[in-house]
Amino acid sequence: MSEENTKPQEGTESEEAVEDNFMNSINMAFNLGVAAHQASGQSKSVAEIATELGNQIYQNFAQAYGGEINESFLKANTEYFLQIALMGYIIPGVCAFDNDFKERFFALVYARAKQNQERQSGGEPQGGSRIIT
C-alpha cells in the first residue's frame, strides 16, 4: 500500500482528528469554567458566571468563525459549550477531584454529542444547532 492511499484526502479530516478536535474543545470549555472557579473562589453566582463565560465563548467563536456561519449556529454552539464550562465551574465546588470521574464525564459528553450529530446528519439541522468541532 502506498503512502498516498493511507493519507486522508486534502480538505477532509479523519474521524480520529475530528474526535480529537472535539475532545479538545470539550476540555477547553470545561477548563474555562474551572479557571473561572479558581479566579473567583466561586464567589460569583452561577448566573453571573454564565453571563461572563457565555460572552467570552461567543466572542471566541465570533472571532474564529464570524462571517463563515450564521448567527443561530453561533449562538447554539455558544450555549452548548457554555453548559460544559458551567460544569467546570460548578463541579469543583460540590465534589472532590477524581480523574476517573473527569475522564468518564468527557467520554459521556462526547458520546451524547456524537448521538446528536448522527441524528442530525445530512446537513445543518433546523435552528442551526450542529456543534462546531
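Computed from a predicted structure; not experimentally measured. (Residues numbered from 1 in each chain as written. Predicted model: local features only at pLDDT ≥ 70, side-chain atom pairs only at ≥ 80, totals over all residues. Heavy atoms only, no water.)

## A look at the overall build of the protein
Across its full length, the protein carries five helices and zero strands. Its helices and strands in sequence order give the protein the pattern α-α-α-α-α, from N to C terminus. For the protein, the residues scored as buried account for 29% of the 133 residues in total. Considering only contacts within the protein whose residues lie at least 6 apart along the sequence, 76% involve residues at least 24 apart. (Helix = DSSP H or I, 4+ residues; strand = E, 2+ residues; numbered from the N terminus. Buried < 20%, exposed > 50% of the residue type's maximum accessible area, 1.4 Å probe, protein only. Contact = heavy atoms within 4.5 Å.)

## A word on the environment of Asn60
For Asn60, the position within the fold is in helix H3 (residues 46-65). The exposure class assigned to Asn60 is partly exposed, which follows from its relative accessible area of 42%. Sequence separation between Asn60 and Thr78 is 18 residues, and the spatial gap between their C-alpha atoms is 9.2 Å.

## A look at the nonpolar core
Counting 27 residues, the largest nonpolar core has Phe22, Ile26, Phe30, Leu53, Tyr80, Phe81 and Ile84 as the members making the most contacts within it. Per element, the largest residue contribution to this core is ten residues, and it comes from helix H4 (residues 71-94). (Core = buried A, V, L, I, M, F, W, Y, C linked by side-chain atoms within 4.5 Å.)

## Overview of the packing of H3 against H4
Running from N to C, H3 and H4 cross one another at 135 degrees; their axes reach a closest spacing of 8 Å. Considering their axes alone, H3 and H4 lie oblique with respect to each other. In this structure, the crossing between H3 and H4 has a hand that is right-handed. Side by side, H3 and H4 meet where Val46, Ile49, Ala50, Leu53, Gly54, Ile57, Tyr58, Phe61 and Ala62 of the first sit next to Glu71, Leu74, Lys75, Asn77, Thr78, Phe81, Leu82, Ala85, Leu86, Tyr89 and Ile90 of the second. For the contact of H3 with H4, the residue count by class is 15 nonpolar, three polar and two charged. (Axes fitted to C-alpha atoms, helices over the stretch in contact; angles between N-to-C directions. Parallel < 35°, antiparallel > 145°, perpendicular 65-115°, else oblique. Left-handed = near helix turned anticlockwise from the far one by under 90°. Nonpolar A, V, L, I, M, F, W, Y, C, P; charged D, E, K, R; others polar.)

## Re the packing of aromatic side chains
Counted under the stated rule, the structure contains ten aromatic pairs. Aromatic side chains Phe22 and Tyr110 sit 5.6 Å apart centroid to centroid with 50 degrees between the ring planes, which places their arrangement in the tilted category. Residue Phe22 is located in helix H2 (residues 15-40), and its partner Tyr110 is located in helix H5 (residues 99-119); the two are separated by 88 residues in the primary sequence. Accessibility classification places Phe22 together with Tyr110 in one group, the buried group. Aromatic rings pair up to connect Phe22, Phe61, Tyr65, Tyr80, Phe81 and Tyr110 into one cluster. (Phe/Tyr/Trp six-rings, centres within 6.5 Å; stacked < 30°, edge-to-face > 60°.)

## Concerning the pattern of salt bridges
Under the criterion given, the structure shown has one salt bridge. Across the pair Glu52 and Lys44 runs a salt bridge whose closest N-O atoms are separated by 2.9 Å. The class of Glu52 is partly exposed, set by a relative accessible area of 37%. (Salt bridge = Lys/Arg side-chain N within 4 Å of Asp/Glu carboxyl O.)

## As for the side chain of Ser40
With respect to the helices and strands, Ser40 occurs in helix H2. Only 3.4 Å separates the side chain of Ser40 from the side chain of Tyr89, close enough to count as a polar contact. (Polar contact = N/O pair within 3.5 Å; in protein donor to acceptor, adjacent residues only side chain to side chain.)

## Side note on the packing of H2 against H3
For the pair H2 and H3, the least separation of the axes is 11 Å and the interaxial angle reads 135 degrees. Relative to H3, the element H2 is oriented oblique. Seen along the crossing, H2 lies across H3 with a hand that is right-handed. Each of Leu32, Gly33 and Ala36 in H2 lies in contact with H3, whose residues at this interface are Ile49, Leu53, Gln56 and Ile57. Within the contact of H2 with H3, the residues separate by chemical class into five nonpolar, two polar and no charged.

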